[in-house]
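Here are the chains, one letter per residue:
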Amino acid sequence: MGASFIHTPTLFFFWFSMAAALVQGQGSRVGFYSRTCPPAESIVQKTVQSHFQSNPAIAPGLLRMHFHDCFVRGCDASILINGTSTEKTTVPNSLLNGYDVIDDAKAKLEAACPGVVSCADILALAARDSVVLTKGLTWKVPTGRRDGRVSLASDVNNLPRPRDSIEAQKQKFADKGLTDQDLVTLVGGHTIGTSACQFFRYRLYNFSTTTANGADPSMDAKFVTQLQALCPSDGDGSKRIALDTGSPNRFDATFFTNLKNGRGVLESDQKLWTDTSTRTFVQRFLGIRGLRGLNFNVEFGRSMVKMSNTGVKTGTEGEIRRVCTAIN
């Protein structure tokens, strides 16, 4: 017993180091550019901040962009490549805000440190900086990713979709090594940003024969009326509506309050509450009595680190693109 006690600090340091290595993932690490390009993170941060001041919509756009990138071929910036049938040309990606922010940051980094910082790392850093600008908590971003050389529109089928069942969502996240808690946490990123009417309008009309207005019965009736006014059945499908009607521009847990109250805009989001297997995590973020609470902002950073190490290319894999829109 005494011997074990004497070695506890050593064992603690060993296990802490091992845990840190696991969290940082496949060859990426915090501070990767500390010697090769010390101002890298500061340049990305200042670029995102500058664009955000004139267009706050870039924050949710950059967050989604990183998410969409990681779910297709891993976090390798394949979403940024231009072409006739690349990931960027698909509907989910063509509607994203912030591509110009990444291009701007890359140009500044190439001027400061030519051929050093990957577009994939710029995306990961910009996503974190976007959360901070919308009053979320920061987290340390492991860097050292390299850029992919392939981008195919057909691969975007891997992305979670607004009509996905809970089982389909779980499977897509599990395929990336992410847990059910990661699923609920990362979908919570919808606390900022918008969705086009075309992606949820079907829930408002002729969805069900059990409700007076034909809407999805899992939705709050007053909320249905509000959304019908904003998204008429024959209206503009590209019109955008906030995904978090409680505090649409602030990174917080009100998104989960909305789900509890039947005010989730996307069907896939609302299912996080209606399905008992994921509802528990929503309740924990809400601090429901009798359950061990979870701090959404803290858990979001942890889940983002896990996701951002999905399919990472490091070492001699991939390349460091000179411009983010084209392979070298």
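Everything numeric here is computed off the predicted structure, so don't read it as measured data. (Residues numbered from 1 in each chain as written. Predicted model: local features only at pLDDT ≥ 70, side-chain atom pairs only at ≥ 80, totals over all residues. Heavy atoms only, no water.)

Things to note about the overall build of the protein chain
Thinking step 1. Helices and strands together make up the secondary structure of the protein chain, namely 14 helices and 2 strands.
Thinking step 2. Principal-axis analysis of the C-alpha atoms gives the protein chain an extent of 65 × 60 × 35 Å.
Thinking step 3. Expressed as a percentage of its 328 residues, the buried residues of the protein chain come to 50%.
Thinking step 4. For the protein chain, restricting intrachain contacts to residue pairs at least 6 apart in sequence, the fraction spanning at least 24 positions comes to 73%.
Thinking step 5. Of the accessible surface of the protein chain, which amounts to about 15200 Å², a share of 56% is contributed by carbon and sulfur atoms.
Thinking step 6. Each charge class in the protein chain was averaged separately, 37 positive and 29 negative side chains, and the resulting centres sit 4 Å apart. (Helix = DSSP H or I, 4+ residues; strand = E, 2+ residues; numbered from the N terminus. Buried < 20%, exposed > 50% of the residue type's maximum accessible area, 1.4 Å probe, protein only. Contact = heavy atoms within 4.5 Å. Areas by Shrake-Rupley, 256 points an atom, 1.4 Å probe, with all protein chains shown as cover. Lys, Arg positive; Asp, Glu negative; His and termini not counted. Charge placed at Lys NZ, Arg CZ, Asp CG, Glu CD.)

Side note on the side chain of histidine 51
Thinking step 1. Within the secondary structure layout, histidine 51 lies in helix 3 (residues 40-54).
Thinking step 2. On the accessibility criterion, histidine 51 (17% relative accessible area) is buried.
Thinking step 3. Within the structure, histidine 51 has its side chain in polar contact with the side chain of aspartate 104 (distance 2.8 Å).
Thinking step 4. If near-sequence neighbours (up to four positions away) are discounted, histidine 51 is found in contact with Ile58, Asp100, Val101 and Asp104. (Polar contact = N/O pair within 3.5 Å; in protein donor to acceptor, adjacent residues only side chain to side chain.)

Concerning the UniProt feature "active site" (unreviewed entry) in the protein chain
Thinking step 1. Per the UniProt record, "active site" (unreviewed entry) is found at His68.
Thinking step 2. Here histidine 68 lies in helix 4 (residues 58-70).
Thinking step 3. By relative accessible area, which is 13% here, histidine 68 ends up buried. (UniProt positions renumbered as here; feature names shortened; annotations may be inferred.)

A short note on the layout of surface pockets
In this approach, a probe sized like a water molecule rolls over the atoms, and the result shows the empty space that is left.
Thinking step 1. The computed volume of the largest pocket comes to approximately 990 Å³.
Thinking step 2. Lining the largest pocket are 42 residues, with Arg64, His68, His190, Thr194 and Leu243 positioned closest to its centre.
Thinking step 3. Looking at the lining of the largest pocket, the element that brings in the most residues is helix 4, giving 6 residues.
Thinking step 4. Partitioning the lining of the largest pocket into residue classes produces 26 nonpolar, 12 polar and 4 charged. (1 Å grid on protein atoms, 1.4 Å probe; cavity = no way out; pocket = protein on both sides within 12 Å on 5 of 7 lines; lining within 4 Å. Points joined across faces, edges and corners; volume = space filled by probe spheres on them. Nonpolar A, V, L, I, M, F, W, Y, C, P; charged D, E, K, R; others polar.)

A word on the environment of arginine 149
Thinking step 1. Note that arginine 149 resides in the loop between helix 7 (119-133) and helix 8 (166-174).
Thinking step 2. Along the backbone, arginine 149 and lysine 172 are 23 residues apart, and their C-alpha atoms lie at a distance of 23 Å.
Thinking step 3. Ignoring anything within four residues of it in the chain, the contact list for arginine 149 reads Gly318, Glu319 and Ile327.
Thinking step 4. Of the polar contacts made by the side chain of arginine 149, one reaches the backbone oxygen of glycine 318; its length is 2.9 Å.
Thinking step 5. Within the local environment of arginine 149, its side chain forms a polar contact with the side chain of glutamate 319, the two groups lying 3.2 Å apart.

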